[in-house]
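Report on the structure
Each chain, written out:
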Amino acid sequence: MEVIDKPRAKNTDKLAEELFIRSLKILGGLKKLVEYRNLTWLPSLAEAAYVVVLRNEALKGYQEIARELGITEQTVKNIINADEEKVMEYLEGELEEKPSEHIAGGIVKYAYKKMKEEYEN
Amino acid sequence: MTGYFLLKDLKKNAPKIFGIPTRTKLDEMFYMIVKEDGKWVKKRLGGIPHLSIINITGIPDTGKSILAEQFAVVQAGSGYRVLFVTVESPANFLYTSLKQKVEVLGLDFGDVEENIVVIDASQNPELRENMKSLLDTMKYAIKERKTTNVIIDSVTGLYEHKEMMARQIVRVIFNFLKKWKQTGVLVSQKRSSQGSETAEAAGGLAVAHIVDGTVIMDKRIVETKWESNLYGLDLGEVIRLIRIDGCRLAPHDSRSWVFEITDHGLINIISPLNEFVKRGEKYGGNR
């Protein structure tokens, strides 16, 4: 009887890194962030990438994610509930006012949606 | 991938419904309707429906794990590969339990050993608490070992401290097993406060709405003289009941059947409760 007692998986760190890079590309790449002096977005994007992966792939609860990443449960909820379409409209200049959504969360969620579509096809 | 199809386009991928035996009378409780000589007749399916995801649920000590293990060894002993995800009992304990069942059922342990792959999530929090890790590991086992049946004992262990995620977790597992064309048995626990006659009996948390069918295992202590006369059991003895609480893939008997856990640790389903009472059948050898 074969017993598998360790995960045989592409781990969540790798997936979060991939999502982070994809999110960066949506923003035009690292260089664009440097040019527009938006490097402060990076930590938020990294955080949001982990939140989205832990929630959607690992199916972890808000509290668990908050504990694991050392952030508040409210931040986790804000990322998970961010309206990615609205955030994308804002980034594309279609909205005049900055939406109340978690911007990094919206970008990462949009990247995640695209990544899933790509993998499924 | 489009989300809509013409009905005729679905024909080639439509599963054929036949029974996957458990070697208990549960195999008689599922049936199919076929046309013979111009008449529709009821035929035994001979097992749980192929490619169905069946939830076995009940309060503690009702025989859920025994039934799941019995199904695993019967399938493995018949030459089919089984993936057993153990979330509660460590793999070495599961080994002992399966070996004992194989011996009592008179199966070849060599075959069973060869055909069962175990994922031990009981000892590894990463497998138990990270669904991605678990599903990727299950995918590896299904692809590499070419399993056709998956047992998860218990699925409740995957959301025990986050019940608000229960539906999402069960839904993901359900879709995963469908995608990989597995016949699945998910053991789930219900609280003793969830009465066996209510919708909650199907495991609570709406798990029953997601899976294809639910088997409820229950036990009652004979507490009144009336029950004692009815069941032919002494006060304080236990009567065990099993019933199929809905299955969307095949018609089924909806009566409660009496069963026992034998001295050798197997599930023996005896007869429908009404017949059992009417005929005064033997239960546990003491009636």
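These notes cover the structure that comes with them. (Residues numbered from 1 in each chain as written. Chains lettered and ligands numbered in written order. Predicted model: local features only at pLDDT ≥ 70, side-chain atom pairs only at ≥ 80, totals over all residues. Heavy atoms only, no water.)

Each aromatic ring pair is summarised here by two numbers: the centre-to-centre distance and the angle between the ring planes. Summed over the entire model, instances satisfying the criterion amount to two aromatic pairs over all chains. Relative to Phe109(B), the ring of Tyr95(B) has its centre 5.5 Å away and its plane inclined at 85 degrees; by these criteria the two rings are edge-to-face. Within this pair, whereas Tyr95(B) is found in helix α3 (residues 91–105), its partner Phe109(B) is found in helix α4 (residues 109–115), the two being separated by 14 residues in sequence. Aromatic pair Phe176(B) and Trp180(B): ring centres 6.5 Å apart, planes at 50 degrees, arrangement tilted. The exposure class of Trp180(B) is partly exposed, given its relative accessible area of 22%. Here the guanidinium or amino end of Arg55(A) rests over the ring plane of Tyr62(A), the centre of that ring lying 4.3 Å away. Above the ring of Phe109(B), the side-chain terminus of Lys99(B) is found at 5.7 Å from the ring centroid. (Phe/Tyr/Trp six-rings, centres within 6.5 Å; stacked < 30°, edge-to-face > 60°. Helix = DSSP H or I, 4+ residues; strand = E, 2+ residues; numbered from the N terminus. Buried < 20%, exposed > 50% of the residue type's maximum accessible area, 1.4 Å probe, protein only. Lys NZ or Arg CZ within 6 Å of the ring centre and 35° of its normal.)

Here we take up the environment of Gln182(B). Residue and element names in this part refer to chain B. Tracing the sequence through the fold places Gln182 in the loop between α7 (166–179) and β9 (183–189). Residue classification places Gln182 among the buried residues on the basis of a relative accessible area of 2%. Once the C-alpha coordinates of Gln182 and Ile210 are considered, the two residues, 28 residues apart in sequence, prove to be 16 Å apart. Other than its neighbours up to four places away in sequence, Gln182 contacts Leu51, Ser52, Ile53, Ile142, Thr147, Thr148, Asn149, Val150 and Leu177. Polar contacts involving the side chain of Gln182 include one to the main-chain carbonyl oxygen of Thr147, which spans 2.8 Å. (Contact = heavy atoms within 4.5 Å. Polar contact = N/O pair within 3.5 Å; in protein donor to acceptor, adjacent residues only side chain to side chain.)

To continue, consider the environment of Thr137(B). All names here are of chain B. If you trace the backbone, Thr137 turns up in helix α6 (residues 131–145). Thr137 sits 10 residues away from Thr147 along the chain, and the two C-alpha atoms are 13 Å apart. Polar contacts involving the side chain of Thr137 include one to the main-chain carbonyl oxygen of Ser133, which spans 2.6 Å.

It is worth stressing that arrangement in space is one thing and function is another; only the former is reported here.
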